[in-house]
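Structural overview
Residues per chain, in single letters:
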Amino acid sequence: MNRKLFSRILLASSLTFLIQCSPGSFKSENSPTSSSNNSSSTGGGGGSGTTTDDLAARRKTLENAITAASMTGYSLTGAIPSSTVPYIDFDRANGNFVIRIPMTSFGSLTSIDMTFPEYPGMRLYIDYVSSMPYTTLIIPVKYVLRNVTEVPAKLPNGNAVPLFPAGEAPSRAILLTPNKERKVYLYLSAEAFGLFAETSFNPLASFSVSGIPIQLNDLIFTITDKNKLPLGYLTLVGERAPFKGGFFISHKIDPKLGKILDEYYLN
């Protein structure tokens, strides 16, 4: 009898121990799951990924760099009408470059407003600033400084493009207005881009010295920011029959700034 009683007591004790140690009844203040979650959310203790806070901090750093960058340029001379209007600008809210060319007389392009299905977000239109028309191109960051592998491009008259602020001439030319009388071309290279707009007049026809007409090949003006740092060039291209004259604007983008713009607007 004593042996049976002892066996029953031992069995009861074992059951009680197993129940107390079952998964449902065991709780730890430092369980592996809890520790792992804390580690991944704070980025400490060898976390495996970038945290939301890290990404937000990086975005803020990029935003500050873009805000501080000088990307608005004006003509250095008053010979060009409304030289206080920026010819080179950047829309920070949408990540678009804005290029303006003064058009005192632009024939059939006085009311143009075009978009391009093959280049979503790009727009070519006439913008009136202080009652003066400007041929204006909106070009998103994603089309600049990439996929440029074609042969060197030239002006419609066959000449090399005017002063281009890059180590190499542009390697790609895109005709933006194939069905218009006045053509507008976009030029791209690995370091810069340019815009050439034909005019309905010869931009160099009225230049003279002491009343004697002067035949100029091109007339170049530097485009600078408010601190007089060069951002590009505005070139008046003379008419060479049968080819029309026009205005050519070129703009170089600092490679470091280009990488910042890519990361901020494309990622």
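Attention shifts here to the nonpolar core. Side chains of nonpolar character tend, in soluble globular proteins, to be buried together. Ranked by internal contacts, the top residues of the largest apolar core, which has 47 residues, are Phe97, Met122, Ile139, Leu176, Leu186 and Phe193. Looking at which element gives the most residues to this core, the answer is strand β6 (residues 132–140), with four residues. Ignoring any residue separated from it by four or fewer positions in sequence, one finds leucine 176 in contact with Met114, Phe116, Met122, Leu124, Leu137, Val184, Leu186 and Leu195. Membership of the second largest hydrophobic core comes to 11 residues, among which are Val161, Tyr187, Phe196 and Phe248.

For the rest of this paragraph, the subject is the side chain of aspartate 89. Inspection of the secondary structure assignment puts aspartate 89 in strand β2 (residues 88–91). Here aspartate 89 sits buried without a salt bridge, and the closest side chain of opposite charge, arginine 100, lies 4.2 Å off (N-O distance). Within the structure, the side chain of aspartate 89 is placed 2.8 Å from the side chain of threonine 72, a separation counted as a polar contact. For aspartate 89, the contacting residues outside a window of four places in its chain are Met71, Thr72, Asn96, Phe97, Val98 and Arg100.

Let us look at helix α4 (residues 255–266). Compared with the 16 Å implied by 1.5 Å per residue over 12 residues, the 16 Å span of α4 between its first and last C-alpha is a close match. Turning to α4, its buried residues are Leu257, Gly258, Leu261 and Tyr264. Down the axis of α4, the buried set is contained in an arc of 140°. They therefore lie on one face. α4 presents Pro255, Lys256 and Lys259 as exposed residues on the side facing more than 90 degrees away from its buried surface.

Here the focus is the confidence of the model for the protein chain. For the protein chain, per-residue confidence averages 75 on the pLDDT scale, and residues scoring 70 or more make up 68% of the total. Averaged pLDDT values for the elements of the protein chain fall to 41 in helix α1 (residues 2–20) and rise to 94 in β2. Across residues 1–47, confidence stays below pLDDT 50; counting only partners more than four residues off in sequence or on other chains, it has eight contacts.

Moving on, we get to the environment of asparagine 217. Within the fold, asparagine 217 resides in the loop between β11 (212–213) and β12 (218–224). Asparagine 217 gets classed as exposed once you look at its relative accessible area, which sits at 56%. Put simply, asparagine 217 and glutamate 239 are 22 residues apart on the chain and 8.9 Å apart in space, counted from C-alpha to C-alpha. Filtering out sequence-adjacent residues up to four positions away, asparagine 217 remains in contact with Leu204, Leu236, Gly238 and Arg240.

The subject of this paragraph is the sheet that holds strand β8 (residues 184–188). Read across the sheet, seven strands follow the order β1-β12-β13-β14-β9-β8-β7 without closing on themselves; strand pairing throughout is antiparallel. Because the sheet does not close on itself, it has two edges, and the strands there are β1 (74–75) and β7 (172–175).

Paired through backbone hydrogen bonds, the strands of a sheet run either parallel or antiparallel to each other. Taking strand neighbours across the sheet as the criterion, the five strands line up as β2-β3-β6-β5-β4 in an open arrangement whose pairing is antiparallel. Edge positions in the sheet fall to β2 and β4 (113–115), since each has one partner strand and no second. Between one strand axis and the next, the sheet turns through 30° on average, direction left out of account. Sheet analysis places strand β3 (residues 96–102) next to β6, joined by seven bridges and oriented antiparallel.

Calculation notes
Residues numbered from 1 in each chain as written. Predicted model: local features only at pLDDT ≥ 70, side-chain atom pairs only at ≥ 80, totals over all residues. Heavy atoms only, no water. Core = buried A, V, L, I, M, F, W, Y, C linked by side-chain atoms within 4.5 Å. Buried < 20%, exposed > 50% of the residue type's maximum accessible area, 1.4 Å probe, protein only. Helix = DSSP H or I, 4+ residues; strand = E, 2+ residues; numbered from the N terminus. Contact = heavy atoms within 4.5 Å. Lys, Arg positive; Asp, Glu negative; His and termini not counted. Salt bridge = Lys/Arg side-chain N within 4 Å of Asp/Glu carboxyl O. Polar contact = N/O pair within 3.5 Å; in protein donor to acceptor, adjacent residues only side chain to side chain. Expected span 1.5 Å × (residues − 1). Arc of directions from axis to C-beta. pLDDT = per-residue confidence, 0-100. Pairing = 2+ DSSP bridges. Axes fitted to C-alpha atoms, helices over the stretch in contact; angles between N-to-C directions.

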